[in-house]
Amino acid sequence: MTHPNLLFIYTDEQAFNTLAAYGNEQIEMPNLNRLAQQSTVFARAYASQPVCTPSRSTLLTGLYPHTNGCTENNTALGSDSLCLPEMLPAGRYATGHFGKWHLGDELFAQHGFDEWISVEDIYSGLFSEGRDREATSSYHAFLIEQGLEPENGRRFGRDEACRLPEPYGKPAFLAREASRFIREHQHDPFVLYVNFLEPHPPFFGPRDDQYDPASMPLPANFDAIAAADQPLKARVFAEAYREWGTSGLTLETPEAWQRLLANYWGLCSLVDTHVGTILDTLEACGLSDSTIVVFTSDHGDMMGSHRLVAKCVMFEEAVRVPLLIRLPGQRSGRRVETPVSQIDVVPTLLDLLAQPSPGHLQGTSLRTALETGEDRARDVFIEWNGHNTGILGEERGRHSIPPRLQESVSHAELDASIRDPVRTIITAEGWKLSYSPRGRHELYDLSSDPGETTNLYGKREQDASLVADLQGRIGRWQERTEDPVARAP
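Residues numbered from 1 in each chain as written. Predicted model: local features only at pLDDT ≥ 70, side-chain atom pairs only at ≥ 80, totals over all residues. Heavy atoms only, no water.

**Points about the pattern of salt bridges**
Taken as a whole, this structure holds 30 salt bridges when the rule is applied. A salt bridge links R154 to E134; the nearest nitrogen and oxygen atoms lie 3.8 Å apart. Taken together, the residues span a long stretch of sequence, with R154 in the loop between α4 (138–145) and α5 (158–161) and E134 in the loop between β5 (115–117) and α4 at a distance of 20 residues. R154 gets classed as partly exposed once you look at its relative accessible area, which sits at 47%. D379 is paired through a salt bridge with R473; the nearest N and O atoms lie 3.0 Å apart. One end of the pair, D379, is in the loop between α11 (367–372) and β12 (380–383); the other, R473, is in helix α13 (residues 464–480), with 94 residues separating them in the sequence. Via salt bridges that share partners, D12, R56, K100 and D298 belong to a single interconnected network. (Salt bridge = Lys/Arg side-chain N within 4 Å of Asp/Glu carboxyl O. Helix = DSSP H or I, 4+ residues; strand = E, 2+ residues; numbered from the N terminus. Buried < 20%, exposed > 50% of the residue type's maximum accessible area, 1.4 Å probe, protein only.)

Below, the structure written as structure tokens:
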């Protein structure tokens, strides 16, 4: 095969443990579970930063957020940071990006993508100079064609769109458009990225009744609310969710959390159905044996672990992602247990597409692991930058503090914790060190404490040499990648 196609499907905020390949046999995900059975499953895959824009920037460019500049949400990806289509020979592939982008100028084709189908209408205030701020998305045009009108008379908001009947929802719309693209380009090499907003908030959708809340299993670390030696922001977030809930759902009782989980699983199953439509189209066009298929998410979701929702923390549930890669013609699955990072995705795809990997990329190809199931031991590095919280709004430039904590937590303390530029290393042996320039370090042994309930940093004398070694590895990674944050010793 001279020029295989690439179908890259990614979701927003999908926890790794929503697939059977990652241990969840209860949730209904027939299409992605079948894809996993035909793919290489990376059992321990990690985002570069647990929040949308920075993680997406890595998936598209093969660069860490501190390198490409997308260190916070709603940061535009500069023209000097090339996305994968821009690294391919001009004119060889038909290229398309369908769905949420979140890397600036949301509605407009850019970075080597020729065809652009957009679904988000909430970013017009962030458009660069010269862009039409009255423009609306492809999805907006579709809904208007169906005879629908936005409640506010201007744009369909996320809360409004997620409550539409399933045929009018964003997942069904994207599946139809992606299928059309595949059919139209079935005789030409193509590169198609499809991003589903779901299961990102709002946590409502047409599948809210698919699962019985009473059957929803709460995480094993549900009651492990962050302790005093864990990040202050995690403790404040937990109280904020208890006080304010999320997406209009209260989270004061275990039963309320189960309702949230049921809705979240419904969104995951919703996406699975429409991923199945795309995969079926690929098969019907006879392209399964000539197409690389990738499935992943930009980051995870806490979904009750440590009584948290969303992302923006370094706990496993936020930083781990599903990662499936099916090679052309592959019919049997493989499994790679060593940790890998999404920084490796771009160089891997270039390798599979028989293209040279530019010297500026910061990851390495996983092709050997894909073809054999074996991979060398490697360290994974994750970073945190910026002020994003996933929940806490800002008032006069300050993050809100839940009422019960206002006497014990200052705005300055909370802001410092939120902005703490933590650098995390995860080793093949299961050690995880989060190095904080503020001195709020964390050490976990994931092999014995996968729920990260006990911070071992400074607790045991035998860990001193281990900590020094891990800090040294972080420092050397920072040096290699020219990380501007103060280096670990």
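More follows now that the structure is in view.
**Let's talk about the sheet that holds strand β4 (residues 94–99)**
In space, the eight strands of this open sheet follow the order β5-β4-β6-β1-β7-β9-β2-β10, with mixed pairing throughout. Edge positions in the sheet fall to β5 and β10 (334–336), since each has one partner strand and no second. For this sheet, the mean angle separating the axes of adjacent strands, direction not counted, is 10°. Where strand β7 (residues 291–297) lies against strand β9 (residues 323–326), four bridges are found, and the strand directions are antiparallel. (Pairing = 2+ DSSP bridges. Axes fitted to C-alpha atoms, helices over the stretch in contact; angles between N-to-C directions.)

**Here we look at the packing of aromatic side chains**
On inspection of all chains with the given rule, the structure shows 19 aromatic pairs. Here F16 and Y22 contribute two aromatic rings whose centre-to-centre distance is 6.0 Å and whose plane-to-plane angle is 80°, an arrangement assigned as edge-to-face. For the pair F16 and Y22, one class covers both residues: buried. Put simply, the rings of F8, Y10, W101, F113, W116 and Y193 touch in pairs and so form one group of aromatic residues. Positioned above the aromatic ring of W384 is the side chain of K233, whose terminal nitrogen or guanidinium carbon lies 4.3 Å from the ring centre. Taking the ring centre of F16 as reference, the NZ or CZ of R320 above it sits at 3.8 Å. (Phe/Tyr/Trp six-rings, centres within 6.5 Å; stacked < 30°, edge-to-face > 60°. Lys NZ or Arg CZ within 6 Å of the ring centre and 35° of its normal.)

**Re the sheet that holds strand β15 (residues 423–426)**
The sheet built from four strands is open, its strands ordered β12-β15-β16-β17 with antiparallel pairing. Two strands lie at the open edges of the sheet, namely β12 and β17 (442–445), each paired on one side alone. Going from strand to strand, the sheet's axes swing by 15° on average, the running direction of each strand aside. Relative to the sheet, α13 contacts β12, β15, β16 (431–435) and β17, its axis offset from that of β16 by approximately 65°. (Contact = heavy atoms within 4.5 Å.)

**Remarks on the nonpolar core**
Ranked by internal contacts, the top residues of the largest apolar core, which has 94 residues, are L7, L192, I278, L308 and V309. Element by element, the count of residues in this core is highest for helix α8 (residues 254–284), at 14 residues. The residues contacting L192, other than those within four sequence positions of it, are L6, L7, F8, G96, F98, A178, F181 and I182. (Core = buried A, V, L, I, M, F, W, Y, C linked by side-chain atoms within 4.5 Å.)

**Structural notes on helix α2 (residues 52–61)**
When you tally the buried positions in α2, you get ten out of ten residues, the bulk of the element. Turning to α2, its buried residues number three or more, namely C52, T53, P54, S55, R56, S57, T58, L59, L60 and T61. Buried residues along α2 sit against β1 (5–11), α3 (65–68), β6 (190–196), β7 and α10 (345–352). Trailing α2 by a residue or two, G62 shows a phi angle of about 75°, which is positive.

**Focus on the environment of S215**
With respect to the helices and strands, S215 occurs in the loop between β6 and α7 (232–244). Judged by relative accessible area, S215 falls into the partly exposed class, the value being 35%. Sequence spacing of S215 and Q146 is 69 residues, and the spatial spacing of their C-alpha atoms is 37 Å.

**Considerations on α7**
Between the first and last C-alpha of α7 there are 18 Å, a value that for 13 residues agrees with the 18 Å anticipated at 1.5 Å per step. Check the buried side of α7 and you find it contacts α12 (411–419). Following α7 by one or two positions, G245 has its phi on the positive side, about 70°. (Expected span 1.5 Å × (residues − 1).)

**Considering the pairing of β4**
For β4, the tally of buried residues reaches six of six residues, placing the bulk of the element in the interior. Where β4 and β6 come together, six bridges link them in parallel fashion. Bridging across to β6, A94 finds its partner in F190. Pairing geometry for β4 and β5, over three bridges, is parallel. For H97, the partnering residue across the bridge sits in β5 and is W116.

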